[in-house]
Amino acid sequence: MTASFRQPTTRHAPVLLLLAGVCAALELAFTLADLPFVGLDMLRRAGIVYGGFWSGLLTDWEPMFPGQRLTMFVTYAFLHAGFLHMLFNMLLMLHLGREAVQRLGQAGFALLFAFTAAGGGAAFALLSSADAPMLGASGVVFGLFGATVYWDIQRRRALRLPIGPALRLIGGLVVMNLLLWVLVQGMLAWEAHLGGFVAGALFARIATPSLTHRHRPRIGMR
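Because the structure is a prediction, the values reported are computed rather than measured. Numbering of residues begins from 1 in every chain and follows the order in which that chain's sequence is written. Owing to the predicted nature of the model, reporting of local features is limited to residues with pLDDT of at least 70; listing and counting of side-chain atom pairs is limited to 80 or more, with chain, interface and lining totals taken over all residues. The side-chain quantities take in all heavy atoms of the structure and omit both hydrogens and water.

**Concerning the overall build of the protein**
Phase 1 of the analysis: Starting at the N terminus, helices and strands are each numbered in turn, a helix being any DSSP run of H or I of at least four residues and a strand any DSSP run of E of at least two. When you go through the protein residue by residue, the secondary structure sums to seven helices and zero strands.
Phase 2 of the analysis: Listing every helix and strand of the protein by position from the N terminus yields α-α-α-α-α-α-α.
Phase 3 of the analysis: Relative to the globule expectation of 17 Å for 222 residues, the C-alpha radius of gyration of the protein, 19 Å, shows essentially globular dimensions.
Phase 4 of the analysis: Overall, the C-alpha framework of the protein stretches about 60 × 50 × 35 Å when taken along its three principal axes.
Phase 5 of the analysis: Considering the protein as a whole, with its 222 residues, one finds that 42% of them fall into the buried category.
Phase 6 of the analysis: Contact criterion: two residues are considered in contact whenever any of their non-hydrogen atoms come within 4.5 Å of each other. Contacts in the protein between residues far apart in sequence, at least 24 positions, make up 75% of those at least 6 positions apart.
Phase 7 of the analysis: Note that accessible areas follow from Shrake-Rupley with a 1.4 Å probe, and for residues the cover is restricted to the protein chains shown. Approximately 12,600 Å² of the protein is accessible, and the part contributed by carbon and sulfur atoms is 71%.
Phase 8 of the analysis: Lys and Arg are tallied as positive, Asp and Glu as negative. Neither His nor the chain termini are counted. Every charge is mapped to an atom, namely NZ of Lys, CZ of Arg, CG of Asp or CD of Glu. Of the charged side chains in the protein, 17 are positive and 9 negative, and the gap between their average positions amounts to 24 Å. To get the radius of gyration, use the C-alpha atoms; to get the globule rule, take the number of residues to the power 0.38 and multiply by 2.2 Å. Burial status follows relative accessibility: with a 1.4 Å probe on protein chains alone, a residue under 20% of its type maximum counts as buried, one over 50% as exposed, and anything between as partly exposed.

**Things to note about unusual backbone geometry**
Phase 1 of the analysis: You will see that Arg160, though not glycine, has its phi angle at about 55°, which is positive.
Phase 2 of the analysis: Within the element layout of this structure, Arg160 appears in the loop between α5 (138–158) and α6 (164–183).

**So, the confidence of the model for the protein**
Phase 1 of the analysis: pLDDT is a per-residue confidence score from the predictor, ranging from 0 to 100. Of the residues in the protein, 92% have a pLDDT of 70 or more, and the chain-wide mean is 90.
Phase 2 of the analysis: Between residues 1–9, whose pLDDT stays under 50, and residues either more than four places distant or in other chains, the model counts 18 contacts.

**A few points about the packing of aromatic side chains**
Phase 1 of the analysis: For Phe, Tyr and Trp, where Trp contributes only its six-membered ring, two rings pair if their centres lie within 6.5 Å, and the inter-plane angle classes them as stacked under 30 degrees, edge-to-face over 60, or tilted in between. Counting across every chain of the model gives eight aromatic pairs.
Phase 2 of the analysis: Judged by centre distance (5.0 Å) and plane angle (85°), the rings of Phe53 and Phe73 are edge-to-face. Here Phe73 lies in helix α3 (residues 68–75) and Phe53 lies in the loop between α2 (42–51) and α3, a separation of 20 residues in the sequence. Both residues of the pair, Phe53 and Phe73, belong to the buried class.
Phase 3 of the analysis: The interplanar angle of 90° and the centroid separation of 6.0 Å between the aromatic rings of Phe53 and Phe124 together place this pair among those described as edge-to-face. Placement of the pair is Phe53 in the loop between α2 and α3 and Phe124 in helix α4 (residues 83–127), with a sequence separation of 71 residues.
Phase 4 of the analysis: For Phe124, a relative accessible area of 5% translates into the label buried.
Phase 5 of the analysis: Through a chain of ring-to-ring contacts, the aromatic side chains of Phe53, Phe73, Tyr76 and Phe124 assemble into a single cluster.

**A word on the packing of α6 against helix α7 (residues 190–207)**
If you want to describe how two helices pack, look at the angle between their axes and the distance between the axes.
Phase 1 of the analysis: Where helices are involved, their axes are fitted lines through C-alpha atoms of the stretch in contact, as for all axes, and angles between N-to-C directions lie from 0 to 180°. Contact geometry of α6 with α7 gives a least axis separation of 11 Å together with a crossing angle of 165°. Our classification of the angle between α6 and α7 gives roughly antiparallel. Judged by the sense of rotation from one axis to the other, the crossing of α6 with α7 is right-handed. Where α6 approaches α7, its residues Ile170, Leu173, Asn177 and Trp181 are matched on the opposing element by Trp190, His193 and Phe197.
Phase 2 of the analysis: Three residue categories are used. Nonpolar comprises Ala, Val, Leu, Ile, Met, Phe, Trp, Tyr, Cys and Pro, charged comprises Asp, Glu, Lys and Arg, and polar comprises the others, including Gly. In terms of residue class, the contact of α6 with α7 is built from five nonpolar, two polar and no charged. Angle categories: roughly parallel below 35 degrees, roughly antiparallel above 145, roughly perpendicular from 65 to 115, and oblique for all the rest. When the near helix sits turned anticlockwise from the far one by under a right angle, the crossing is termed left-handed; a clockwise turn instead gives a right-handed crossing.

**Quick word on the pattern of salt bridges**
Phase 1 of the analysis: Take a side-chain nitrogen of Lys or Arg and a carboxyl oxygen of Asp or Glu: if they are within 4 Å of each other, that pair is a salt bridge. In the structure shown here, the tally under the stated rule is five salt bridges.
Phase 2 of the analysis: Arg45 serves as the salt-bridge partner of Asp41, at 2.8 Å between the closest nitrogen and oxygen.
Phase 3 of the analysis: Residue Arg45 is classed as partly exposed on the basis of its relative accessible area of 48%.
Phase 4 of the analysis: Bridged by salt links that share partners, the residues Glu27, Asp34 and Arg44 form one connected network.

**Description of a nonpolar patch on the surface**
Phase 1 of the analysis: Together, Leu126, Leu127, Trp181, Val182, Trp190, Leu194 and Val198 give the surface a local cluster of nonpolar side chains, amounting to about 740 Å² of exposed area.
Phase 2 of the analysis: Where the nonpolar patch is concerned, the elements lending two or more residues are α4, α6 and α7.
Phase 3 of the analysis: Residue contributions to the nonpolar patch peak at three residues, all from α7.
Phase 4 of the analysis: Considering the arrangement of structural elements, one finds Leu126 in helix α4.
Phase 5 of the analysis: You can call Leu126 exposed: its relative accessible area is 73%. Patches here are clusters of residues that have more than 30% relative accessible area and form no salt bridge, with a 9 Å joining cutoff for like charges and a 5 Å cutoff for nonpolar side chains (Val, Leu, Ile, Met, Phe, Trp, Tyr).

Put into structure tokens, the structure is as follows:
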């Protein structure tokens, strides 16, 4: 008889649909505004100026509004470089996020989203010298990968099983980043991926130090 490491998944929770919906709605609005007969391409530029992650703001650049140096650590995750960029990230977030909601609850997932976005932004600021803005929820996606890997290792250790499959997943993520870096000719925020992954694993370690630590929804009185 084989052991099962995965917890049963549930339907997408409202917090997952809400966050994905905000990202999709913003990108849809920008895409429609970019159409030639609409002629509102300045809408995307404004979104990037006010919501993108600009490393220069952490040095000597002047912010567009008070608090931008802090808000950009999360707002950049809601903006994308195009419809396909957004779609790829949202599909992965919806797939990986179900277990995270199950382990952390909806409020916990929202905190994980913000924490991994901030971790991705911090790593980008530390490791990248690019002046261009950083956009996209891929830091969050890799944060979900980090949490998923941590939980898989946690289950395997509890069942006294080898952790090789989890380590191979990490290796696969490294290879995927290398391939993507080549395909997009270096225009890849791998720093945000790394920071998000570490932040996700760290968050899972703090919030769920053992298999018994998991969100349990309250049952109302009948």
